[in-house]
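Each chain is listed here by its residues.
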Amino acid sequence: MEYRIAEIPGFRFAGVSARVPMQFEGENPAIADLVQSITPGQRHEMHRLMELSDAPLPREVLNVSWDSDTDFQREEGMLTHLVGVATTAPTSEVGEGLATLEAAAGTWAIFPSDGPFPEDMQQTTARIYAEWLGSAPYALDGFRMVSFSRVRDDGTAYSEIWIPVRRA
């Protein structure tokens, strides 16, 4: 399974956030609703914060999931989801209407996928938890997952899934 490891300094996510049902396959309607709820002002603020970032982070709109009722092991319960950006801007500079989530400095495993969207990305995620974590010299460092996708007109996408890890 293709992956790379990166050491990333501390940063934060800033965006809109909600508790949503856990869903392993297909588009999650609650996340789609969350995306639709983003105001033009929030969108502008997220892009401003992304441009202020000086860390080696994706300059993309990110999906961040954490606080899963089942630690992402079963398709049941709820999780907290944020649609936003990574930034090194201080929390005091994050505009009103955006939630923040701190990410401590640490090691991240980054998994690319390229194929039919969202199926290929979701299958890669399943393989990370079912296969890679069982054989890699790493363990999860918290139950958080970050992803972005560049969807093409033909229904395929380049995606990356980022998970915080520590040496096992």
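Up top you'll find the structure we're talking about.
Let me begin by describing the structure that accompanies this report. (Residues numbered from 1 in each chain as written. Predicted model: local features only at pLDDT ≥ 70, side-chain atom pairs only at ≥ 80, totals over all residues. Heavy atoms only, no water.)

As for the overall build of the protein chain
Here's step 1: In terms of helices and strands, the protein chain carries three helices and nine strands.
Here's step 2: Against the globule reference of 15 Å for 168 residues, the protein chain gives a C-alpha radius of gyration of 15 Å, in line with a compact fold.
Here's step 3: Its C-alpha atoms put the protein chain at 40 × 35 × 30 Å along the principal axes.
Here's step 4: The 168 residues of the protein chain split such that 47% are buried.
Here's step 5: Counting only carbon and sulfur atoms, one obtains 50% of the accessible surface of the protein chain, whose full area is about 8,500 Å². (Helix = DSSP H or I, 4+ residues; strand = E, 2+ residues; numbered from the N terminus. Rg over C-alpha atoms; globule rule 2.2 N^0.38 Å. Buried < 20%, exposed > 50% of the residue type's maximum accessible area, 1.4 Å probe, protein only. Areas by Shrake-Rupley, 256 points an atom, 1.4 Å probe, with all protein chains shown as cover.)

Topic: the pattern of salt bridges
Here's step 1: Under the defined criterion, the tally for this structure stands at eight salt bridges.
Here's step 2: In this structure, Glu160 engages Arg4 in a salt bridge whose closest nitrogen and oxygen atoms are separated by 3.6 Å. Here Glu160, found in strand β9 (residues 156–167), pairs with Arg4, found in strand β1 (residues 4–8); they are 156 residues apart in sequence, far enough to count as distant.
Here's step 3: When the shortest N-O distance is used, the salt bridge between Glu45 and Arg48 registers 2.7 Å. Note that Glu45 and Arg48 are positioned in helix α2 (residues 40–52) at a spacing of three residues, about one turn of the helix.
Here's step 4: Here Arg48 falls in the partly exposed class, since its relative accessible area comes to 32%.
Here's step 5: Among the charged side chains, a network of salt bridges with common partners joins Arg19, Asp67 and Asp69. (Salt bridge = Lys/Arg side-chain N within 4 Å of Asp/Glu carboxyl O.)

Brief notes about the packing of aromatic side chains
Here's step 1: Per the stated rule, a full pass over the model turns up eight aromatic pairs.
Here's step 2: Between the aromatic rings of Tyr3 and Phe111, the centroid separation amounts to 5.8 Å while the plane-to-plane angle is 35°, which identifies the pairing as tilted. Within this pair, whereas Tyr3 is found in the segment before β1, its partner Phe111 is found in strand β6 (residues 106–116), the two being separated by 108 residues in sequence.
Here's step 3: Its relative accessible area of 0% is what places Phe111 among the buried residues.
Here's step 4: Ring centres of Phe11 and Phe13 lie 5.0 Å apart, and the angle between their planes is 80°; this geometry places the pair in the edge-to-face category. Of the two residues examined, Phe11 and Phe13, each falls in the buried class.
Here's step 5: Ring pairing ties together the aromatic residues Tyr3, Phe111, Trp132 and Tyr138, which thus form one cluster. (Phe/Tyr/Trp six-rings, centres within 6.5 Å; stacked < 30°, edge-to-face > 60°.)

With respect to the side chain of Glu60
Here's step 1: Checked against the element boundaries, Glu60 lands in the loop between α2 and β3 (62–66).
Here's step 2: A distance of 2.6 Å separates a polar atom in the side chain of Glu60 from a polar atom in the side chain of Arg150.
Here's step 3: Leave out the neighbours within four places in its chain, and Glu60 touches Met50, Gly84, Val85, Phe148 and Arg150. (Polar contact = N/O pair within 3.5 Å; in protein donor to acceptor, adjacent residues only side chain to side chain. Contact = heavy atoms within 4.5 Å.)

As for helix α3 (residues 119–135)
Here's step 1: Relative to the 24 Å expected for 17 residues at 1.5 Å per residue, α3 spans 23 Å between its end C-alpha atoms, a close match to the ideal helical length.
Here's step 2: At Ile128, α3 is deflected by roughly 45°, the largest bend along its length.
Here's step 3: For α3, every residue scored as buried is listed here: Met121, Gln122, Thr124, Thr125, Ile128, Tyr129, Trp132 and Leu133.
Here's step 4: Elements that come into contact with the buried residues of α3 comprise β6, β7 (138–140), β8 (144–151) and β9. (Expected span 1.5 Å × (residues − 1). Bend = angle between axes of the 7 residues up to and from the residue.)

These values are about where atoms sit, not about what they do.
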